[in-house]
2 protein chains.
Amino acid sequence: MKPLPHPPRDQIALPAVLDALSDETRLAIVARLAGEGELACGEFLALGSKTNLSYHMAKLREAGVVRTRQDGVFRYMTLRWEDLEARFPGLLQSLLAAIKRDTASARRKTARK
Amino acid sequence: MKPLPHPPRDQIALPAVLDALSDETRLAIVARLAGEGELACGEFLALGSKTNLSYHMAKLREAGVVRTRQDGVFRYMTLRWEDLEARFPGLLQSLLAAIKRDTASARRKTARK
DNA sequence: TCTATTATTCAAGAAACGTTGAACTATGTA
DNA sequence: TACATAGTTCAACGTTTCTTGAATAATAGA
């Protein structure tokens, strides 16, 4: 397929990263990637349609949050841990901790209903 | 003037906070508040028109990033450090460090031109 | 009361965002 | 070749965001 542009490490911009992460769907994607490592787009179909996921993946990729690797028909996504850590030390870790807390408390709320 | 609603600590949501911080203007406001403490809206006129700042301040306030206190004709903004720290430990600190780095490297670039 | 200052609200427009279905590309397999 | 699979691209749509100027509110001081 096509090249799939990724920004180099030094061009990863904070507002773009925060914008990419200011969406529930994309936060969920990032959380799963953090927990399970490399995953193909198809693994996320519970979060939206194929088309819609493609859109969100592109946002994450263009912001520099995620790297896409092609293998046959599949496209595997990984978190750009080292690049993000080099650029914004500690940020990803506190973000992931916050996501876990938030989704955990969200689960408690829905369970109570 | 009017009440100026602030979300209580436990209703500060991560996506809303990240969305509030995904804008250059608002990042600049937060960075100055972190460095200088309490500031009135008028202190930020270099970042935009009065009307426009009012909009950005409302975004920050409604996301729970900032608290507004009225004193006479002025409205003083402060970062909600403790609330944000309680909700998302470490997040604000790494964000502020990232902002400083980014604006510093941006200054180096513009200086070089 | 009149006036200046500080900031918000409102209406309007341009731009960006998120979602969709149809069409398309690229790969693997029979 | 032909077919199935995994994702992307495109055009369209409705919604939201950002920005602006005019009008408004609230406070302070003469």
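## Examining empty space enclosed by the protein
So, point 1. Applying the stated rule across the entire model yields two cavities of 30 Å³ or more.
So, point 2. What lines the largest cavity is V17(A), L21(A), V65(A), L84(A), E85(A), F88(A), L91(A), L92(A) and L95(A).
So, point 3. Taken together, the elements giving at least two residues each to the lining of the largest cavity come down to α4 (81-87) and α5 (91-112) of chain A.
So, point 4. The greatest single-element share of the lining of the largest cavity, amounting to three residues, is contributed by α5(A).
So, point 5. Residue composition of the lining of the largest cavity, by class: eight nonpolar, no polar and one charged.
So, point 6. In this structure, the second largest cavity occupies an estimated 40 Å³ of space.
So, point 7. A total of three residues in the lining of the second largest cavity trace back to one element, the largest contributor, which is helix α5 (residues 91-112) of chain B.
So, point 8. Residue composition of the lining of the second largest cavity, grouped by class: seven nonpolar, no polar and no charged.

## A closer look at the interface of chain A and chain B
So, point 1. Counting residues at the interface gives 21 residues for chain A and 21 residues for chain B.
So, point 2. In total, chain A and chain B occlude about 1,800 Å² of area from one another, counting both sides; carbon and sulfur atoms represent 62% of this.
So, point 3. Here chain A is connected to chain B by five residue pairs in polar contact (both at pLDDT 80 or more).
So, point 4. Breaking the side of chain A that touches chain B down by element, the ones donating at least two residues are α1 (14-20), α2 (24-36), α4 and α5 of chain A.
So, point 5. Considering each element in turn, the side of chain A that touches chain B owes the most residues, seven residues, to α5(A).
So, point 6. For the side of chain A that touches chain B, the residue count by class is 13 nonpolar, three polar and five charged.

## Topic: the packing of aromatic side chains
So, point 1. Under the defined criterion, the tally for this structure stands at two aromatic pairs over all chains.
So, point 2. The ring of F44(A) carries R32(A) above its face, with NZ or CZ at 5.1 Å from the centroid.

## So, the protein's contact with DNA strand D
So, point 1. Every one of the 20 residues lining DNA strand D counts as a neighbour, but S54(A), V73(A), T51(B), Y55(B) and H56(B) are closest to it.
So, point 2. At the protein interface, 62% of the atoms of DNA strand D within 4 Å belong to sugar or phosphate.
So, point 3. Within the contact set of DNA strand D, a phosphate oxygen lies 3.3 Å away from a side-chain nitrogen or oxygen of R75(A).
So, point 4. Taken together, the elements giving at least two residues each to the surface near DNA strand D come down to α3 (50-63) and β3 (74-79) of chain A together with α3 (50-63) of chain B.

## Some thoughts on the relation of the copies chain A and chain B
So, point 1. Of the transformation superimposing chain A on chain B, the axial component is 0.0 Å and the angular component is 179°, with the fit at an RMSD of 0.1 Å. Viewed as a symmetry operation, the transformation between the two copies matches a two-fold axis.
So, point 2. Taken as a fraction of all interface residues of chain A, those also at the interface in chain B reach 100%, which identifies the copy contact as same-surface.

## What to know about the packing of α2(A) against α3(A)
Residues and elements named next belong to chain A.
So, point 1. Between α2 and α3, the shortest axis-to-axis distance is 10 Å and the interhelical angle comes to 70°. Considering the angle they form, α2 stands roughly perpendicular to α3. Across the interface between the two elements, T25, R26, I29 and V30 from α2 touch L53, Y55, H56, M57, K59 and L60 from α3.
So, point 2. Residues belonging to the contact of α2 with α3 are distributed by class as follows: six nonpolar, two polar and two charged.

## Examining the sheet that holds strand β1 (residues 39-40) of chain B
Residue and element names in this part refer to chain B.
So, point 1. The three strands are arranged β1-β3-β2 in an open sheet whose pairing can be described as antiparallel. Where the open sheet ends on each side, the last strands, each with one partner, are β1 and β2 (66-71).
So, point 2. Sheet topology note: the β1/strand β3 (residues 74-79) ladder contains two bridges and is antiparallel. Within the sheet, the bridge partner assigned to L39 lies in β3 and is M77.

Criteria and cut-off values
Residues numbered from 1 in each chain as written. Chains lettered and ligands numbered in written order. Predicted model: local features only at pLDDT ≥ 70, side-chain atom pairs only at ≥ 80, totals over all residues. Heavy atoms only, no water. 1 Å grid on protein atoms, 1.4 Å probe; cavity = no way out; pocket = protein on both sides within 12 Å on 5 of 7 lines; lining within 4 Å. Points joined across faces, edges and corners; volume = space filled by probe spheres on them. Helix = DSSP H or I, 4+ residues; strand = E, 2+ residues; numbered from the N terminus. Nonpolar A, V, L, I, M, F, W, Y, C, P; charged D, E, K, R; others polar. Contact = heavy atoms within 4.5 Å. Buried area = accessible area lost by both parts, 1.4 Å probe. Polar contact = N/O pair within 3.5 Å; in protein donor to acceptor, adjacent residues only side chain to side chain. Phe/Tyr/Trp six-rings, centres within 6.5 Å; stacked < 30°, edge-to-face > 60°. Lys NZ or Arg CZ within 6 Å of the ring centre and 35° of its normal. Near = heavy atom within 4 Å. Least-squares fit on C-alpha atoms with pLDDT ≥ 70 in both. Axes fitted to C-alpha atoms, helices over the stretch in contact; angles between N-to-C directions. Parallel < 35°, antiparallel > 145°, perpendicular 65-115°, else oblique. Pairing = 2+ DSSP bridges.

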